[in-house]
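Residue strings, one per chain:
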Amino acid sequence: MNKGLTLPDLVGQSRLGQLWPELNFPFLLAPMVGLSHVALRELIYDYLPQGACTVFPTEMLNSRRLPYQKVGETPETLVSERDRQQLLVPQLLGNEESFIKSSIERLEKLGTQGIDINMGCPVAKALKHNYGVALMGDPEYAASVVDMAVRNSQRPVTVKLRVGLQNDKDYFYQFCQGLVESGARALTLHPRTAAQKRRGSADWNQIRELKERVSIPIVGNGDVQVWQDAVRMMNETGCDGVMIGRALTARPWILWQIGEALGLETPLGREGQKAPNTPESEAKEFGVALESFIHYCFRYFPAPYAQRKIKFYLRVATPWLNFGHFLCKRLGKCQNPPEYNEVIKEFFAKDGLVLASYTNLAY
Ligand SMILES: Cc1cc2nc3c(=O)[nH]c(=O)nc-3n(C[C@H](O)[C@H](O)[C@H](O)COP(=O)(O)O)c2cc1C
């Protein structure tokens, strides 16, 4: 579609600025349960080019729980100073107006800049309670959920969805049209069916086709592993933004690499440096990032919670790193930052460590 356009042209063509005029860098972290919390966002901010502004998610938040929680104090809803300088758009799971209304009210008090409705979660519980991807089986109800959020939000409402419960394109486009008519301002497409979960590969053609059919901005998502993939997705699909999940846990500096290609400033504190760009330098940076991530987990979370989050992060991030399983095992026994740091120091002093460009994305 856009073959031949340069990266600055591609960024210039993004229409996400219609929702948020401050947005100038259309590359987004994906909402991921257990991962897209304040500690991961802080890590990614360390690698964000200075001056870049984009949307950041929370973990998926259940609208039936938020009204009974101290929003802003639970680990899932903690917000940092740097979150407030970006566009924090929490992701909400829900299907009932009273819960959605109360959840949005509480979240907006934290300074959030929009609400993203989850229509992609394929776990059995979501299907049973008719939220997440289950909403994709009922177009009218899904559209009414968007309408509930729009009526109760001061900020843009977006939807993250899959291609549906089955591969029926006509149904899918009509479904999306219903969301647009209800006031959704952008859609993020993870082009897999519900049954695929995260298996198989994401079909980027479906992002291009959706982009050609609906009038609102489309964010593409799925299987980006290196920064060049993000550029290729924009080029091949014409999407307005690229959302990256698993790979941003392993190489949070993807945003720095993209910024470098765009001629943006380095991240703060990295003046005069180049983004890591070889398997060896990326492996070394993995150790630096891991130490920072652990620091942030212990800064924001109680110790046992921090340990669980670190364990989970390692499961998702280490498949790119050779001997990563060994690192997971060694770190699994640590209890406090000095213990973690000692293992990290020893592990990353080894020769021969490399970070692969691609894995089979098994998680
Ligand atoms: C551990 C994990 C948790 C996830 N949780 C959510 C979620 O809460 N909400 C959501 O919309 N997608 C969720 N996803 C899906 C991601 O947002 C994304 O669509 C998917 O991982 C594909 O992108 P990627 O290939 O860049 O990882 C999750 C993915 C992972 C790996």
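Here goes a summary of the coordinates provided. (Residues numbered from 1 in each chain as written. Predicted model: local features only at pLDDT ≥ 70, side-chain atom pairs only at ≥ 80, totals over all residues.)

Digging into the environment of leucine 35
Then step 1. Tracing the backbone through its elements, the reader meets leucine 35 in the loop between β1 (27-29) and α2 (38-45).
Then step 2. When the C-alpha positions of leucine 35 and arginine 246 are compared, they lie 9.3 Å apart, and in sequence the two are 211 residues distant.
Then step 3. Discounting chain neighbours no more than four positions away, the residues touching leucine 35 are Leu40, Thr249, Phe312, Tyr313 and Val316. (Helix = DSSP H or I, 4+ residues; strand = E, 2+ residues; numbered from the N terminus. Contact = placed C-beta atoms within 7 Å.)

Observations concerning the environment of tryptophan 227
Then step 1. Along the chain, tryptophan 227 turns up in helix α9 (residues 227-237).
Then step 2. Owing to 25 C-beta atoms within 10 Å, tryptophan 227 belongs among the buried residues under this scheme.
Then step 3. Distance from tryptophan 227 to alanine 261, taken between C-alpha atoms, is 9.5 Å for residues 34 residues apart in sequence. (Buried ≥ 20, exposed ≤ 12 C-beta atoms within 10 Å, placed from the backbone.)

Notes on the pairing of strand β8 (residues 241-244)
Then step 1. Side chains of β8 alternate between two faces, with Gly241 and Met243 and Val242 and Ile244 buried alike.
Then step 2. Sheet topology places β1 next to β8; three bridges connect them, and they run parallel. Across the sheet, leucine 29 pairs through a bridge with isoleucine 244, a residue of β8.
Then step 3. Both strand β7 (residues 218-221) and β8 contribute to a ladder of three bridges, which runs parallel. Each bridged residue has a counterpart across the sheet, and for valine 219 the counterpart in β8 is glycine 241.
Then step 4. As for the winding sense of the linkage, the β-α-β connection from β7 through α9 to β8 is right-handed. (Pairing = 2+ DSSP bridges. Right-handed = clockwise from strand over helix to strand, strands pointing away.)

As for the site of the ligand
Then step 1. Looking at the ligand, there are 24 residues lining it, with Ala30, Met32, Met60, Gly245 and Arg246 nearest.
Then step 2. Its residues assigned to classes, the shell around the ligand shows twelve nonpolar, eight polar and four charged. (Near = placed C-beta within 6 Å. Nonpolar A, V, L, I, M, F, W, Y, C, P; charged D, E, K, R; others polar.)

Observations concerning the nonpolar core
Then step 1. Ranked by size, the top nonpolar core spans 114 residues in total, and within it Val146, Leu187, Ala230, Val242 and Ile244 carry the most contacts.
Then step 2. When residues of this core are assigned to their parent elements, the largest contribution, eight residues, is made by helix α12 (residues 279-300).
Then step 3. Formed jointly, this core draws a minimum of three residues from each of two domains, domain 1 (7-262) and domain 2 (279-348).
Then step 4. Aside from chain neighbours lying at most four places away, what touches alanine 230 is Phe27, Val224, Val242, Ile244, Ile254 and Ile258. (Core = buried A, V, L, I, M, F, W, Y, C linked by C-beta atoms within 7 Å. Domains from an automatic or database assignment.)

What about the packing of helix α6 (residues 139-151) against helix α7 (residues 169-181)?
Then step 1. As a packed pair, α6 and α7 sit with axes 8 Å apart at the nearest point and diverge in direction by 25°. With respect to each other, α6 and α7 are oriented roughly parallel. Taken as a pair, α6 and α7 cross one another with a handedness that is right-handed. Between α6 and α7, the residues in contact are Pro139, Ala142, Ala143 and Val146 and Gln174, Phe175, Gly178, Leu179 and Glu181, respectively.
Then step 2. Taken together, the residues of the contact of α6 with α7 break down into six nonpolar, two polar and one charged. (Axes fitted to C-alpha atoms, helices over the stretch in contact; angles between N-to-C directions. Parallel < 35°, antiparallel > 145°, perpendicular 65-115°, else oblique. Left-handed = near helix turned anticlockwise from the far one by under 90°.)

Some details on helix α13 (residues 303-317)
Then step 1. Helix length check: α13, at 15 residues, gives a terminal C-alpha distance of 21 Å against a target of 21 Å (1.5 Å per residue), a fit within 8%.
Then step 2. Among all positions in α13, only Ala306, Gln307, Lys309, Ile310, Tyr313, Leu314, Val316 and Ala317 are buried.
Then step 3. On its buried face, α13 is in contact with α2, α10 (246-250), α12 and α14 (324-331). (Expected span 1.5 Å × (residues − 1).)

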